[in-house]
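Chain residues, written in single-letter form:
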Amino acid sequence: MRLLRNILNTIFVIGAAVGMATYYWGNKELGTYIIIGAMAFKFFEVVMRLLKLEDKS
């Protein structure tokens, strides 16, 4: 599960960076939606961490 959490964090970081770039240099509304989508991945990762849905090894 640690690998899945790392993948979700990577998607979040890339999505947030793309969303910020789109927001500042492009369409503000589209950038906002991209950032919100990236936050959904982070939210799922945090829920996994809080509920301890990972291997005990």
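Scope of this entry: the structure provided in the associated data block. The residue count restarts for each chain, going from 1 along the sequence in the order it is written. In keeping with the model being predicted, local features are shown solely for residues with a pLDDT of at least 70 and side-chain atom pairs are shown and tallied solely at 80 or more, while totals for entire chains, interfaces and linings include all residues. No hydrogens and no water enter the side-chain calculation; it runs on all heavy atoms of the structure.

Before going further, it helps to examine the packing of aromatic side chains. The criterion for an aromatic pair is that two Phe, Tyr or Trp rings (for Trp, the six-membered ring) have centres within 6.5 Å, with stacked assigned to planes under 30 degrees apart, edge-to-face to planes over 60 apart and tilted to the rest. Across all of its chains, the model carries one aromatic pair by this definition. Look at Tyr-23 and Tyr-24: their rings are 5.3 Å apart centre to centre, the planes differ by 90°, and that puts the pair in the edge-to-face class. When accessible area is computed with a 1.4 Å probe and restricted to protein chains, residues below 20% of their type maximum are described as buried, those above 50% as exposed, and intermediate ones as partly exposed. A relative accessible area of 57% means that Tyr-24 is categorised as exposed. As a reminder, the over-ring test applies to NZ of lysine and CZ of arginine, requiring each to be within 6 Å of the ring centre and within 35 degrees of the ring normal. Above the face of the Tyr-23 ring, Lys-28 is positioned so that its terminal group lies 4.5 Å from the ring centre.

Here Glu-45 is to be found in helix α2 (residues 28–50). A distance of 2.9 Å separates the side chain of Glu-45 from the side chain of Arg-5, its partner in a polar contact. Throughout, a residue-residue contact means that at least one pair of heavy atoms, one from each residue, lies within 4.5 Å. Not counting chain neighbours up to four residues away, the residues in contact with Glu-45 comprise Arg-5, Leu-8 and Asn-9. The way it works is that DSSP assigns letters per residue, a run of H or I at least four long becomes a helix, a run of E at least two long becomes a strand, and they are numbered from the N terminus. Each polar contact in these results corresponds to two N or O atoms within 3.5 Å; when the atoms are within protein, one needs to be able to donate a hydrogen and the other to accept it, and residues that are neighboring in sequence are counted only if both atoms are side-chain atoms.

Let us look at a nonpolar patch on the surface. Residues Leu-3, Ile-7, Ile-11 and Phe-41 make up a contiguous nonpolar surface patch of roughly 350 Å² in combined accessible area. It is helix α1 (residues 2–25) that contributes the most residues to the nonpolar patch, three residues altogether. For Leu-3, the position within the fold is in helix α1. Classification of Leu-3 by relative accessible area gives exposed; the value is 60%. Put simply, a patch holds well-exposed residues, over 30% relative accessible area, that have no salt bridge, with like charges counted together within 9 Å and Val, Leu, Ile, Met, Phe, Trp or Tyr side chains within 5 Å. Every accessible area reported is derived by Shrake-Rupley at a probe size of 1.4 Å, with residue values counting cover from the shown protein chains alone. For this document, the term salt bridge refers to a Lys or Arg side-chain nitrogen within 4 Å of an Asp or Glu carboxyl oxygen.

Each turn of an α-helix holds 3.6 residues, which means side chains three or four residues apart point in the same direction. The span one expects for a helix is its residue count, reduced by one, times 1.5 Å. Helix length check: α2 (23 residues) gives 32 Å between terminal C-alpha atoms against 33 Å at 1.5 Å per residue, within 8%. Of the surrounding secondary structure, the elements contacted by the buried residues of α2 are α1. Between the side-chain oxygen of the N-cap and the backbone nitrogen of Glu-29 there are 3.1 Å, and the N-cap of α2 in question is Asn-27. Just downstream of α2 lies Lys-52, where phi reads positive at about 55°.

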